[in-house]
Structure formats: C-alpha cells, structure tokens
Amino acid sequence: MATSMTKEEKYRQMIETPVEKLIPRLAVPTIISMLVTSIYNMADTFFVSRIGTSASGAVGVMFSAMAMIQAIGFTLGMGSGNYISRSLGNKDEDIAARSAATAFFTAGLIGIIIAVLGTLFSKRLVYLLGATETIAPYAQDYARYILFAAPFMLTSFVMNNILRAQGNAVFAMVGITTGGILNMFLDPLLIFGFRMGISGAAIATMASQIISFGILLYQCNMQKGSIHIRLGKFTPTLKMYGEILHAGLPSFCRQGLASVATVVLNFAAGPYGDAAIAAMSIVSRFMMFVNSSLIGFGQGFQPVCGFNFGAKRYDRVLSAYWFCVKVAVVMLTCFGIIAFVFSGSIITAFRREDAEVIWIGTLALRLQLLTMPFQAWVIMVNMLTQSIGYGFRASLVAMGRQGLFLIPALLFFPKVFDLLGLQMSQPVADMLTFVLATVIVAGVLKELKRMRAEMA
C-alpha cells in the first residue's frame, strides 16, 4: 500500500489519521529496525567475548569511535529528516529534495575523510579511545575494517532518516534489517568458521553496512512517491547547512557526547582492569538494545510531529506527544523489570568464563535499569523539541544524559566510591537529566498550547 500512495495521499495521512493509529503504524517498522541494529551490535560483543576478555574490551573501545560516526550520521540524517518533514507539511517539495541530497553527499565526503585519517593513525586512535596495552592489538584489528565502512555507515543513517521523514518507515526497515540479519550470520562464520578472530567480526559488520547502503539507495531512488537523491539537488549553502544542523544538533549532542562519555568510561574503568572495561561495554550494549525499542517508537512519532507542526496542527502535535509519553513509560518500565530480574543471566551469557566481568556488570546493569521510566520521559522530551525545530532546548536535553551530567559523574564518583562510583555514574546522570528535561518541556508545552489556542 505504501508504494502506491501519492504525495497528496501521504500528506492527508500525516495530518488526518488519528495519532493513536498513525504513530504505531509508522513506529513498528522503525522499532524493528532499531532492535535489529542493536541485536547485531550486541552480536559483535557476544561472539567476540568468546575470544577473550581483552577482545571483548576492544569492541567496547571501538564502540566509542562507531558512536562518533553514528553521531555525524544521525546529525545529518535527523537534521535533514526533520527539515524534510516540516517542508513536506508546508508542501515545499523542492526544499525537501535539496535537504536530502545535501545531507547524503555531505555524509559521504565526511565518511571518506574519517576512513582515510582513521586508517593512517589507527594505533594512536585506539589508545586515544582508552585501550590498554593488552586490548590495543585487538582494537586495531577491529578498527581496520570498521573505518573502511564509515562512508557507507554515514550515508545509510542519512537515507534511513530521509525515508522515515516521508512516512516510508517500512522501506527504511528493509535496508537496516537485511544488513543486520546478515551480520548476525556472518559473525560466527567468520570469527570461528574461518578462524579470523576479531577481524572476522569487523568484516561482518563492514559487509552488512555495505549491503544496507545498497538497499537503502535503491529504496530512495526507485520507489514511487519518494524523494530521490540527485547530485543536481546538492545545495552546500550556509542556509541549508544551518537548517540541517539546527535540527540535527540535538542528535550530535546526544550521540557525540555518548562517544566522548564512552572514552571517559573506558579510562575510568581502566584502573580496575580489562574485566571492568569489558563489563561496562556489555552493559552499554545491552542498555542500547533496551532503549532502541523506545527510540524506534519515538522515531515513529517524529515525522508525525514535524508534519503537523509544519501544517500548524498544534492540537495533533500535543495529542501525539502525550500518547507517546504514556506508551514510552509503560514500555520501558516493563522492559526494565524483566531485565532487572535476569541481570545476572544476561551478563553471564556474554562472558561466562570470567566471574569478575559478571560481578561488575550485573550490579552496573541493575543500577541503570532502575531509572528506565525516567529515561522514557527524557527521550520523548528530546524528540518533541527536536522535531518541532527547538534546536537549543533539544540540544540541552540531549547533552544532559551523556555530557553535562555523565562525564562529570565518571570523573568524580569513582574517586569517592571506587568501583561502585563507576557503576552508579550513569543512573545519577539519568536522574539529573530527568529534572532538566521536565523544566524544559514545561515551557515548550505552554508555547504549543498558546499556538493551539491562536489557531482555534
């Protein structure tokens, strides 16, 4: 049905379909995409952990580099996607096409630069990211192929968001999930079947990213009713980048600071040995998996929010937000309770052979799971403010959890509470971010209600 819809039909769908029906319809494919992406991220950690604790730590070290690549991809993707949604809501298709092309080709160029520079200075890079002497050789082997995939990763993130911004979440899901499923099959085959070790895991990830890129490019350019990516629409002007970055900056703050925080986490865990780095890496990957379902749901909300804000349907923006908040809190609370009960088993599944990793990781995971309902609120506040173009306020919320509060917590609490301080830093940051998000969204909701009243 999605392939046969005209642009006018899509427009009417986005501003007329009840939000309680529309958001789940758009969110389900995105939730699947996010879950599959998180699963194949966890697959690397799971299978590499079978090699040894140092190899598992290497994945955690390189995760910060991948998070930075994702940060740039999400910045351009979410920024252009939100601009596209608002432009289509305002029926300005040319601007939407220019935003898509500018984000895509910019991402490709940045990816090439990252691949070249990262490969040339890979040894310095892994130590800069927090590798120990025993972890560094594994991290270099893993980095070699991950860096080569950077251009494909970046452009795939952009295309995924371009498709979602138009209400084509199913098309985006196909590209992401196909690559993710391929990665899960290739990981054990290359690591153990071909005895390639940690390099096999990196090659599997690289291959999956290239396949996803090809599928997403086809979906963008060959599907009827989709905005096509054309070089002639590439518009590298200050105005265009300003629009993209204004909407995308919250994503960069969230993802970029997550990368910095991961580096700080690696250095903070370093004094407690490779087991601490490996344990916190496993916890981070699992928490990403739990949060991915909510982020996927929120990304179903974003195009609805952007379209209706652009169409001045502020009543639907508010209805969509409160519907998503209710679903998000219930969703993460249920996930959190289940995961809390099975925390020990979850960590054991990754590194059964190392009791220290299990001990450190179990407590860290349980402490983070206690804040799940508050994380739901924070994520939805961030997505609301970002979708309607309130870039500064969205950036503040995004910066809170991974920057304003987490990095200082990682620098302070381990010195006071030793290893427990390391484990409790993220939950403390989560609670402080909840307070910040509540203060910010109160003002935003007041403004939306005023605009709704003016339109009545």
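Structure's up top.
Residues numbered from 1 in each chain as written. Predicted model: local features only at pLDDT ≥ 70, side-chain atom pairs only at ≥ 80, totals over all residues. Heavy atoms only, no water.

K.L.:
Could you give an account of the nonpolar core, with specific residues and numbers?
P.N.:
Looking at soluble globular proteins, one finds that nonpolar side chains tend to be buried together. By size, the foremost hydrophobic cluster in this structure holds 141 residues, and its most contacted members are Ile 23, Tyr 142, Phe 301, Tyr 321, Leu 384, Ile 388 and Leu 448. The biggest single contributor to this core is helix H11 (residues 274–310), with 18 residues. (Core = buried A, V, L, I, M, F, W, Y, C linked by side-chain atoms within 4.5 Å. Buried < 20%, exposed > 50% of the residue type's maximum accessible area, 1.4 Å probe, protein only. Helix = DSSP H or I, 4+ residues; strand = E, 2+ residues; numbered from the N terminus.)

K.L.:
Please give an account of the side chain of Ser 387 that cites residues and values.
P.N.:
With respect to the helices, strands and loops of the structure, Ser 387 is situated in helix H15 (residues 372–387). Among the residues examined, Ser 387 registers a relative accessible area of 0% and is labelled buried. Among the polar contacts made by the side chain of Ser 387, one reaches the side chain of Gln 302 at a distance of 3.3 Å. One polar contact links the side chain of Ser 387 to the main-chain carbonyl oxygen of Met 383, over a distance of 2.7 Å. Apart from residues no more than four positions distant in its own chain, Ser 387 is found in contact with Asn 82, Arg 86, Gln 302, Cys 305 and Gly 306. (Polar contact = N/O pair within 3.5 Å; in protein donor to acceptor, adjacent residues only side chain to side chain. Contact = heavy atoms within 4.5 Å.)

K.L.:
For a nonpolar patch on the surface, give the residues involved together with the corresponding values.
P.N.:
A cluster of nonpolar side chains, namely Ile 112, Ile 113, Val 116, Leu 117, Leu 120 and Phe 121, defines an oily patch on the protein surface of about 590 Å² accessible area. Mapped onto the elements, Val 116 comes out in helix H4 (residues 93–120). (Patch = residues over 30% accessible without salt bridge, like charges linked within 9 Å, V, L, I, M, F, W, Y side chains within 5 Å. Areas by Shrake-Rupley, 256 points an atom, 1.4 Å probe, with all protein chains shown as cover. Salt bridge = Lys/Arg side-chain N within 4 Å of Asp/Glu carboxyl O.)

K.L.:
Which residues make up helix H17 (residues 406–417), and what are the values?
P.N.:
Three- or four-residue spacings in an α-helix give side chains the same orientation, since the helix completes a turn every 3.6 residues. Its twelve residues place the ends of H17 15 Å apart at the C-alpha level, agreeing with the 16 Å of an ideal helix rising 1.5 Å per residue. Listed in full, the buried residues belonging to H17 are Leu 406, Ile 407, Ala 409, Leu 410, Phe 413 and Pro 414. Projected onto a plane normal to the axis of H17, the buried residues spread over an arc of 150° and lie on a single side. Exposed and facing more than 90 degrees away from the buried side of H17 are Leu 411 and Lys 415. Contacts made by the buried residues of H17 are with helix H10 (238–269), helix H16 (391–404) and helix H18 (419–455). (Expected span 1.5 Å × (residues − 1). Arc of directions from axis to C-beta.)

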